[in-house]
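Spelled out, the chains give:
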Amino acid sequence: MELRQDPSSSTRWWGKETRAIVTGGNRGIGLAIGKRLAELGVTVILTARDAKKGKEALELLRNEGLGDYIHFSVLDVSDPHSVSAFATWFKLNFGVLDILVNNAAVSFNGLYENSVKHAEIVIKTNFYGPKLLIEALLPFFRRSSTHKSRILNFSSRLGLIHNVKNKNIRAILEDEENLSEEKIEGVIKLFLEQVKEGRWENEGWPKEWTDYAVSKLALNAYSKILARRLRDSNISVNCFCPGFTRTGMTGGKGSRTADIAANIGAQLALLPPQSLQTGKFSMGQSFFLHSRF
Ligand SMILES: NC(=O)c1ccc[n+]([C@@H]2O[C@H](COP(=O)([O-])OP(=O)(O)OC[C@H]3O[C@@H](n4cnc5c(N)ncnc54)[C@H](OP(=O)(O)O)[C@@H]3O)[C@@H](O)[C@H]2O)c1
């Protein structure tokens, strides 16, 4: 479906009691989507791995008049202790969750580089991070048939299956019926083994930003099976590629600003319950199923 530029009052299902967690909210698209959701009247729990940077972001948004809608907590998605401490804090302070925006991610490559020197931390942050956080927060999602809770995983078109040329790996990921967390983790393990042994380059992995692409490939696959698992729980799970956006991750290069990307992300996160699908991958301006994401 085409996205509306501004969610109108007729499709507005949320209010101040609606709670959204945004990871990696101190800069880039994360800060912009936290701001946008707060502007639209959602209570936002902005998180960042660095307390100082997070508090600066909080201050910035307070100075823009959004103080009533923004809260802050430290959260390093790559650290299981941090995830668990955050979940406890969230339960005590908010209890119920409506929207989880898994935005935090890393890449250590410049635009035209393809080093896998940091593959482990990339996979730990971009794949295991959101997965761990989702599992820790699942008990707190509001399970209302009228509202529907939402998980929006920031992903990338670099992680679409068609970028994988290895037939065996594709076969595992394309067999959606039999896809499981164990199989996805098996794919990740294989990649990291090949990285360690220095023989990943000719094994049919995505060619651009390979470690990052594999992390998003795994996130996409996990999102699909999670969507299936939660289908009857009134929790939707979708992935969103914001497109080439001018942030720290791209060294300031890109075809759009973080605000533009965040505006689309916020609209996806706030789709009316009746048009909210699950298990989809969205790119650019429309919400559609990429057949093999
Ligand atoms: N920009 C693009 O062109 C583009 C394209 C496709 C997809 N995406 C995706 O869009 C999302 C946002 O990207 P962006 O461009 O805004 O990136 P960015 O400017 O590099 O921001 C990344 C954010 O993630 C945080 N982060 C990194 N590791 C973390 C961890 N372990 N725990 C918590 N937070 C952590 C960073 O915190 P620090 O400040 O502490 O480092 C920062 O706030 C990412 O998922 C990215 O993969 C971006």
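The rules we used
- Residues numbered from 1 in each chain as written.
- Predicted model: local features only at pLDDT ≥ 70, side-chain atom pairs only at ≥ 80, totals over all residues.
- UniProt positions renumbered as here; feature names shortened; annotations may be inferred.
- Buried ≥ 20, exposed ≤ 12 C-beta atoms within 10 Å, placed from the backbone.
- Helix = DSSP H or I, 4+ residues; strand = E, 2+ residues; numbered from the N terminus.
- Pairing = 2+ DSSP bridges.
- Right-handed = clockwise from strand over helix to strand, strands pointing away.
- pLDDT = per-residue confidence, 0-100.
- Contact = placed C-beta atoms within 7 Å.

Under an unreviewed UniProt entry, the protein has the name (+)-neomenthol dehydrogenase and belongs to Chenopodium quinoa. Per its UniProt entry, the protein bears the Sequence similarities (unreviewed entry) comment "Belongs to the short-chain dehydrogenases/reductases (SDR) family."

J.: What is the right way to read the pairing of strand β4 (residues 99-102) from this model?
T.: The side chains of a regular strand alternate, first on one face of the sheet and then on the other. On β4, burial covers both faces: I99 and V101 on one face and L100 and N102 on the other are all buried. Pairing of strand β1 (residues 19-22) with β4, which is carried by 3 bridges, proceeds in the parallel orientation. Bridge pairing links V22 to V101 in β4. Bridge analysis of β4 against strand β5 (residues 149-154) gives 4 bridges, and the strand direction is parallel. Directly across from I99, in β5, lies its bridge partner R150. In this view, the connection linking β4 to its parallel neighbour β5 by way of helix α4 (residues 119-137) has right-handed handedness.

J.: I tried to follow the confidence of the model for the protein on my own but got confused; where do I start?
T.: Note that predicted coordinates carrying low pLDDT should not be read in detail. Of the residues in the protein, 94% have a pLDDT of 70 or more, and the chain-wide mean is 95. Every residue in residues 1-5 is under pLDDT 50, and counting partners more than four places away or in other chains gives 11 contacts.

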